[in-house]
Amino acid sequence: MKARITVYPRREVLDPQGKAIHQALHRLGFDEVAEVRAGKSFEIDLAARSADAARKRLEAMCEKLLANKIMESYTVEVGVAKPAKPAKAAKPKVAKAGKATTGKPAKAAKAAKPRGKRS
């Protein structure tokens, strides 16, 4: 049985990561964003006989490990569909040996002349 647990900081607790993301979005021109709360999500495939039994086990997991009860709250969703694969990020341009990242050949380093007494 598929399940999803979402953990967020409690409303009373400061969320510095959410605030930093909120400010960054505003700097990037996304002024319509009113609030951001940063949390974590767990997708768990659980062998359980019923949704109620699964929910009880998942809540026990949250209480014992997945969520800090003092600082965080959580939600449990049982029977969620398998999530779609995340979108692929663009591959960064990697410099090949002997070439700079601009695609132009790199300049060869000059050999160092030995220093010594002049004759």
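Calculation rules
- Residues numbered from 1 in each chain as written.
- Predicted model: local features only at pLDDT ≥ 70, side-chain atom pairs only at ≥ 80, totals over all residues.
- Heavy atoms only, no water.
- Helix = DSSP H or I, 4+ residues; strand = E, 2+ residues; numbered from the N terminus.
- Buried < 20%, exposed > 50% of the residue type's maximum accessible area, 1.4 Å probe, protein only.
- Contact = heavy atoms within 4.5 Å.
- Salt bridge = Lys/Arg side-chain N within 4 Å of Asp/Glu carboxyl O.
- Core = buried A, V, L, I, M, F, W, Y, C linked by side-chain atoms within 4.5 Å.
- Pairing = 2+ DSSP bridges.
- Axes fitted to C-alpha atoms, helices over the stretch in contact; angles between N-to-C directions.

Q: Looking at this model, I keep getting lost on the environment of I21. Mind explaining?
A: By the secondary structure assignment, I21 is in helix α1 (residues 16-27). Taking relative accessible area as the criterion, I21 reaches 34% and is therefore assigned partly exposed. Taking the C-alpha atoms as reference points, I21 and E35, 14 residues apart in sequence, are found 9.3 Å from one another. The contacts of I21, once residues within four sequence positions are left out, are V36 and A38.

Q: What should I look at first to understand the pattern of salt bridges in this one?
A: When their charged atoms lie close together, side chains carrying opposite charge are able to pair. All chains considered together, the criterion is met by 6 salt bridges. As a salt-bridge pair, R4 and E43 come within 3.8 Å of each other at their nearest N and O atoms. Of this pair, R4 sits in strand β1 (residues 2-9) while E43 sits in strand β2 (residues 40-45), placing them 39 residues apart in sequence. Taking the relative accessible area as the measure of exposure, E43 reaches 49% and is therefore partly exposed. Its salt-bridge partner being E63, residue K69 comes within 3.6 Å of it at the nearest N-O pair.

Q: Please clarify how the nonpolar core should be interpreted in this entry.
A: Inside soluble globular proteins, nonpolar side chains tend to come together where they are buried. The biggest cluster of nonpolar side chains holds 11 residues, and these are A3, I5, V7, I44, L46, A54, L58, C62, L66, A67 and V76. Secondary structure elements with two or more residues in this core: β1 and α2 (51-66). Among the elements that make up this core, the one with the highest residue count is α2 (4 residues). When residues no more than four places from it in sequence are discounted, the contact partners of A3 are F42, E43, I44, L58, E77, V78 and V80.

Q: Is there a simple way to explain the environment of V76 in this structure?
A: Mapped onto the elements, V76 comes out in strand β3 (residues 72-78). It is 9.6 Å that separates the C-alpha atoms of V76 and F42, two residues lying 34 residues apart in sequence. Apart from the residues lying within four places of it in its own chain, the contact partners of V76 are R4, I5, R55, L58, E59 and C62.

Q: Mind showing me how you'd approach the sheet that holds β2 here?
A: Hydrogen bonding along the main chain pairs the strands of a sheet, whether they run parallel or antiparallel. Sheet architecture is open: 3 strands sit in the order β2-β1-β3, paired in antiparallel fashion. Each edge of the open sheet is held by one strand with a lone partner, namely β2 and β3. Going from strand to strand, the sheet's axes swing by 20 degrees on average, the running direction of each strand aside. In this structure, β1 lies alongside β2, joined through 6 bridges in antiparallel fashion. Bridged to V7 within β2 is K40. Each of β1, β2 and β3 is contacted by α2, which is oriented at about 155 degrees to β3, the strand it contacts most.

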